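Residue-level listing of the chains:
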Amino acid sequence: MTTAFFPYSAALILTALLGLVFAHQRGKAYLMYFQQEEYDAKRFRHWLSAHHGRDRATSIFALVAGGLCFGLSYGFFWLEALGWAALIIGLLDGIRRSRRSLLQAKKPLVMTDRAKRILQLHILFSALLTGLIYAGVRFGAPTSDLAASLIAIVVLAQASPYFLMLANAALQPVENRVKARFLEEARQKLRRLDPYIIGITGSYGKTSTKSILAHILSSAAPTLATPGSVNTEMGITRVVREQLEPEHRYFIVEMGAYGPGSIARLCRLAPPKLGVITAIGWAHYERFKQIETVFDAKFELADAVAQSGGTTIVNQDAIPGHLLKKRLSDGMPFICVGSDKDCTLRLVSADQTPDGVRLEIVGDDMGEVVLHAPLYGLHQAHNIMAATAAAHSLGMPIDAIRAALSSAPQSRHRLEVVRSGDITIIDDAYNSNPSGFASGLELLDILKAKDGRRILITPGMVELGEKHEEEHHKLGELAARHVDIALVVTPERIPSFVAAFEAQKPSHAQLLRFNRQEDAQNWIKAHAQNGDVILYENNLPDLYEKPPGF
Amino acid sequence: MTKEKLIIAVIFGGRSVEHDVSILTGLQFLDALDQSRYQGLPLYVDPDGQWWTGDLLLKRSLYPHSAETRARLTPVTLPLGTSIRGRPHLMSSQKGLLGNKIITIPFDLMVPAIHGSNGEDGSLQGLLSFAGIPYAGCRPLGAAATMDKHVTKEALKTRNIPLLPHILVEKPAAGTFLSRDAILPQMEAKLGADMFPVIVKPRHLGSSVGVTIARDADGLDAALSSIFRMDTGALIEPLVPDLVEYNIAVMRKNGQVITSAIEKPLNGSDMLDFNTKYRAGSKGTPKLDEAPSDGMASLNRELNPAELSEGQDSLIRSAASTAFDLLDLAGTVRIDFLCNAKTGELWLNEVNSIPGSFSYFLWQAAQDPLTFTDLSRTIVEEGIALSRAEKGETGTATGNARIFGRD
């Protein structure tokens, strides 16, 4: 039964138009998140489920309100009118939600050519699907336009993110051509500007070492470093194309190993004259299976550096000795830093002070030196040493290096100490391993003011696998020695931590349980006192990521 | 018939480390304007250098602006090639139904309320002078000279104004390094063998940014290394023991140079650590203390401190007035002095040509008190008079400079 008189045709046209606007705006909103996930379908799907990204409001509006009225509309034409109204309101609301999420974004959508192409294809898909639904509903099972609209809206709202992924996959050949062109442009620009390129890799410590080295070198001459953890071919290409300027004398490139040959490829893009290898460990074990493979993949950097006649700095303490020894005996130019007496730069002692890390080092050509950097965590000692050795090998006097280190910037959310009035915050939100957790706990003692309390706020660690109970038990015991008040979020997830803490804690200490991070946060807001030191372990101090609310 | 109100554009924000303080200064000035005579026009320069106008700028809580707020502001530019007979105006291009359309927003006088580089340093003033746009406050010379602490001190030396000795260190060229062996002998010559601790400060930056105490040669290296990331020069001065500071504001009213109340900032507020201040409120870090800073006005201070002797009081006033005159300053400037509390010795420290909050609290407490509204009116009227005088006669006929024949 179709009602064909004028107002409903008007409603249909209005709904179709609004549907188009909705598809466009919602596609754009999803595209923003898709872009943040670097157009990676797997990561985007994870975002969708982990952050409640799928549409609820518009679909429910359409289903419940529209469906109800549709069901009742046989014989009651005014109910059908109500159904149309519900659809239109639902669409308007959906458009509003999409726009809100676009406007309130901390990292707004950047309408690159690629983004435009994906969005255009997304709209084409939306239009095609809508057309199919109308055709199907009309010819297959003759019923009203309202039903078709209703189905189309729900399908559009649910399919929007998948259309983006589909569009992205379909556009892959185009992207590959564009990528190849960008890569060639970056290569040419590097040849033309010819900055001194320093490559850094390692299973861990490379990002910190990079930022320390960038800080030291930039006190001597304009320096560019790849930002954050950008370490892929396309990431580096983009930095070269967008940020590298003629005045940059040094260009520090973090290189990620994504399998054998990947670092060699990065070295062909940006041929380094100096290399830094911070550690060979098990971080990428699944990708490589064997520690030898990890070693060889990382040392592709040293090979490339040696080819251009340069030197590679290696952290001897974090590289398996038997593998390194063979390389060293090959006669390749290396500078070793570490605790061993053979090292060119030797660590004599490293201490954690309230003002940061203090280390005593001895260098073959610099004598005994005391370095101090306002960074926290003793693991920084090796990062500082590697950066110092690199800067020194470039001709920077040790006095200038020491001066620059005294203002080295902390890394965000990694044992980052922030003083807010008389309250000290240790923000270790990005940490995900038990040894980092332990460093944070030890730091509580060092940063505590005389009358202050040591407060821990944590949901525990994740992804520890079969070691979950055991590691949390150890951490609970350690926390009992370092913490006065433990705020545990979702305590039922880490019973061994709770039990160990309760069993070992001194009588004054207490453990508070919270179901949500937000509640623990509110407790802090209400109860923090001057002199307190608060450790945020493996969670963010503020609620960063709200669900988009579609 | 009522006379049309003058439109006063107050420019604030700016590409400067003192961006945030400047927003407060600008908004306070707009708020203080005499509404019966003037109409305020907020003009905000964001940290990227883009200029904006719009009523939403008056809302303090909206800073830093979200994309949503930004969408409701108007991006503007300042055309420089306007005829001197024309009224100055801002320009904005807006999307209309028939392509882009240019709208103009006229004003009569611009009040620079930007602290620090790119605003207080004479660059903005020079630009406005060049374009023939009337503006308030110091002219380019005074603004530039007071921004450079080395030049300020060298100029004031000639007038018997007490000043601390200083050593100027210039940033080494890229790829070369400072040798402390070159600096230490200079310091010894000026400050004596027992020279530490010293104060190290950027040559140009305003406020307390980068000001550091160095207790030994290592500390000096560290301080210089940090300063040379922000500035091309640094000054090394002795650290005054038992330090107290006194600040005074100076301006010209009815042709006379007048001075304000004297303030003593409490608990070393001149050493305000900008780093912790900004970091504490930066994105993502926990904000336990959410009280908004009220700029300079909210700092702890003591007005007209009782311990100042008559001699000290008159030394401060006369030195400040002399500096104001010599450097050809205008608007309200704040001049800061250092004092050894034990010996009572005083030294002129620095001159701020656009002080925070225009130092209105010092004028409120002056012997002849001025309200912020009085102060803003004086600044506006002086600006109009100065700019009018500058326009002068520029025809080529004057002084027989005509080359091209005219009909």
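Predicted, not measured: the structure shown is a model, and the values here were computed from it.

Concerning the domain arrangement of chain B
It is common to give the size of an interface as the accessible area that goes away when the parts come together.
Residues and elements named next belong to chain B.
Thinking step 1. Looking at the assigned domains, one finds that chain B contains domain 1 (6-135), domain 2 (145-162 + 242-289 + 296-388) and domain 3 (167-238).
Thinking step 2. Each side of the interface is counted separately: domain 2 has 11 residues, and domain 3 has 14 residues.
Thinking step 3. At the junction of domain 2 with domain 3, the criterion picks out 2 salt bridges.
Thinking step 4. In this structure, Lys153 engages Glu237 in a salt bridge whose closest nitrogen and oxygen atoms are separated by 2.5 Å.
Thinking step 5. Between domain 2 and domain 3 we count 6 residue pairs in polar contact (both at pLDDT 80 or more) in total.

Looking at the pairing of strand 15 (residues 333-340) of chain B
All names here are of chain B.
Thinking step 1. Of all 8 residues that make up strand 15, 8 are buried, and the element is covered over most of its length.
Thinking step 2. The side-chain alternation of strand 15 yields two buried faces, one formed by Val333, Ile335, Phe337 and Cys339 and the other by Arg334, Asp336, Leu338 and Asn340.
Thinking step 3. Across 8 bridges, the pairing between strand 12 (residues 243-253) and strand 15 is antiparallel. Opposite Leu243, over in strand 15, you have Asn340 as the bridge partner.
Thinking step 4. Note that strand 15 and strand 16 (residues 346-352) share 6 bridges and pair antiparallel. From the neighbouring strand, Phe337 faces strand 16, where its bridge partner is Leu348.
Thinking step 5. The turn linking strand 15 back onto strand 16 is made up of 5 residues, and Gly344 within it adopts a positive phi angle of 80°.

Re the pattern of salt bridges
Residues and elements named next belong to chain B.
Thinking step 1. Across all of its chains, the model carries 48 salt bridges over all chains by this definition.
Thinking step 2. Across the salt bridge formed by Glu237 and Lys201, the nearest N and O atoms sit 3.1 Å from each other. In this pair, Glu237 is assigned in strand 11 (residues 233-238) and Lys201 in strand 9 (residues 198-202), connecting sequence segments 36 residues apart.
Thinking step 3. For Lys201, a relative accessible area of 6% translates into the label buried.
Thinking step 4. A salt bridge links Arg317 to Asp313, with the shortest nitrogen-to-oxygen separation between them at 3.0 Å. One end of the pair is Arg317 and the other is Asp313, both in helix 9 (residues 310-326) and 4 residues apart, which spans about a single turn.
Thinking step 5. Overall, the relative accessible area of 26% leaves Asp313 in the partly exposed class.

Some thoughts on the packing of helix 15 (residues 398-405) of chain A against helix 7 (residues 217-227) of chain B
Thinking step 1. One way to put it is that helix 15 of chain A packs onto helix 7 of chain B with a least axis distance of 8 Å and a crossing angle of 70°. One element, helix 15 of chain A, and the other, helix 7 of chain B, form an angle in the roughly perpendicular class. Here helix 15 of chain A and helix 7 of chain B pass one another in a crossing that is right-handed. For the pair helix 15 of chain A and helix 7 of chain B, contact is made by Asp399, Arg402, Ala403 and Ala404 of chain A and by Asp218, Asp221, Ala222 and Ser225 of chain B, respectively.
Thinking step 2. Of the residues in the contact of helix 15 of chain A with helix 7 of chain B, the class split is 3 nonpolar, 1 polar and 4 charged.

Here's the deal with the packing of helix 2 (residues 41-50) of chain A against helix 6 (residues 145-170) of chain A
Residues and elements named next belong to chain A.
Thinking step 1. Across the interface, helix 2 lies against helix 6 with an axial gap of 11 Å and an inter-helix angle of 170°. Put simply, helix 2 runs roughly antiparallel to helix 6. Contacts between helix 2 and helix 6 involve Ala41, Phe44, Arg45 and Leu48 on the former and, on the latter, Pro161, Tyr162 and Met165.
Thinking step 2. Broken down by class, the residue content of the contact of helix 2 with helix 6 amounts to 6 nonpolar, no polar and 1 charged.

Some remarks on the domain arrangement of chain A
Thinking step 1. Domain annotation of chain A identifies domain 1 (6-170), domain 2 (184-405) and domain 3 (416-537).
Thinking step 2. Distance from the C-alpha centre of domain 1 of chain A to the C-alpha centre of domain 2 of chain A: 49 Å.

With respect to the sheet that holds strand 15 of chain B
By way of backbone hydrogen bonds, the strands of a sheet pair with one another, either parallel or antiparallel.
Residues and elements named next belong to chain B.
Thinking step 1. Ordered by their spatial adjacency, 5 strands build an open sheet running 14-13-12-15-16, and the pairing between neighbours is antiparallel. Both outer strands of the open sheet, strand 14 (301-303) and strand 16, are each paired with one neighbouring strand and no more. Taken pair by pair, the neighbouring strands of this sheet meet at an average axis angle of 30°, ignoring direction.

What about the nonpolar core?
All names here are of chain A.
Thinking step 1. The biggest cluster of nonpolar side chains holds 42 residues, and the ones touching the most others in it are Ile198, Leu213, Ile216, Leu359, Ile361 and Ile384.
Thinking step 2. With 8 residues, helix 14 (residues 380-393) is the single largest residue contributor to this core.
Thinking step 3. Not counting residues up to four positions away in its chain, the partners in contact with Ile361 are Leu345, Arg346, Leu347, Val348, Met366, Gly367, Glu368, Val369, Leu371, Met385 and Thr388.
Thinking step 4. Counting residues in hydrophobic clusters, the runner-up holds 37 residues, among them Val239, Ile280, Val294 and Phe334.

Notes on helix 3 (residues 123-131) of chain B
All names here are of chain B.
Thinking step 1. Along helix 3, the residues classified as buried are Leu124, Gln125, Leu128 and Ala131. For helix 3, the angular spread of the buried residues around the axis is 135°, confining them to a single face.
Thinking step 2. Looking at the residues trailing helix 3, positive phi occurs at Gly132, about 70°.

Quick notes on the sheet that holds strand 8 (residues 356-363) of chain A
Residue and element names in this part refer to chain A.
Thinking step 1. Spatial strand order, 2-3-1-4-5-6-7-8-9: 9 strands in an open sheet with mixed pairing. Of all the strands in the sheet, just strand 2 (223-225) and strand 9 (367-373) have a single pairing partner and so form its edges. Ignoring which end each strand starts from, the neighbouring axes of this sheet average 20° apart.
Thinking step 2. When strand 1 (residues 196-201) meets strand 4 (residues 274-277), the two strands line up parallel, connected through 4 bridges. Among the inter-strand pairings, Gly199 is bridged to a residue of strand 4, identified as Gly275.

Quick notes on the packing of aromatic side chains
In this description, an aromatic ring pair is defined by two values, namely the gap between the centres and the angle between the planes.
Thinking step 1. Counted under the stated rule, the structure contains 17 aromatic pairs over all chains.
Thinking step 2. Ring geometry for Phe299 of chain A against Phe334 of chain A: centres 5.8 Å apart, planes inclined by 55°, an arrangement best described as tilted. Placement of Phe299 of chain A in helix 12 (residues 291-307) and of Phe334 of chain A in strand 6 (residues 334-338) is noted, with a sequence separation of 35 residues between them.
Thinking step 3. Three or more aromatic residues joined by ring pairs make a cluster, and in this case those are Tyr30, Tyr33, Phe34, Tyr39, Phe44 and Trp47 of chain A.
Thinking step 4. Taking the ring centre of Tyr135 of chain B as reference, the NZ or CZ of Arg139 of chain B above it sits at 3.9 Å.
Thinking step 5. Here the basic side chain of Arg301 of chain B rests over the ring of Phe361 of chain B, its NZ or CZ set 3.8 Å away from the ring centre.

Points about a nonpolar patch on the surface
Residue and element names in this part refer to chain A.
Thinking step 1. Together, Ile60, Leu63 and Val64 give the surface a local cluster of nonpolar side chains, amounting to about 280 Å² of exposed area.
Thinking step 2. Secondary-structure assignment places Ile60 in helix 3 (residues 57-72).
Thinking step 3. Given the relative accessible area of 49%, Ile60 is considered partly exposed.

Some points on the environment of Met147 of chain B
Thinking step 1. As for its placement among the helices and strands, Met147 of chain B is situated in helix 4 (residues 140-147).
Thinking step 2. Separated by 158 residues in sequence, Met147 of chain B and Pro305 of chain B place their C-alpha atoms 28 Å apart.

Calculation rules
- Residues numbered from 1 in each chain as written.
- Chains lettered and ligands numbered in written order.
- Predicted model: local features only at pLDDT ≥ 70, side-chain atom pairs only at ≥ 80, totals over all residues.
- Heavy atoms only, no water.
- Domains from an automatic or database assignment.
- Contact = heavy atoms within 4.5 Å.
- Salt bridge = Lys/Arg side-chain N within 4 Å of Asp/Glu carboxyl O.
- Polar contact = N/O pair within 3.5 Å; in protein donor to acceptor, adjacent residues only side chain to side chain.
- Buried < 20%, exposed > 50% of the residue type's maximum accessible area, 1.4 Å probe, protein only.
- Helix = DSSP H or I, 4+ residues; strand = E, 2+ residues; numbered from the N terminus.
- Pairing = 2+ DSSP bridges.
- Axes fitted to C-alpha atoms, helices over the stretch in contact; angles between N-to-C directions.
- Parallel < 35°, antiparallel > 145°, perpendicular 65-115°, else oblique.
- Left-handed = near helix turned anticlockwise from the far one by under 90°.
- Nonpolar A, V, L, I, M, F, W, Y, C, P; charged D, E, K, R; others polar.
- Core = buried A, V, L, I, M, F, W, Y, C linked by side-chain atoms within 4.5 Å.
- Arc of directions from axis to C-beta.
- Phe/Tyr/Trp six-rings, centres within 6.5 Å; stacked < 30°, edge-to-face > 60°.
- Lys NZ or Arg CZ within 6 Å of the ring centre and 35° of its normal.
- Patch = residues over 30% accessible without salt bridge, like charges linked within 9 Å, V, L, I, M, F, W, Y side chains within 5 Å.
- Areas by Shrake-Rupley, 256 points an atom, 1.4 Å probe, with all protein chains shown as cover.

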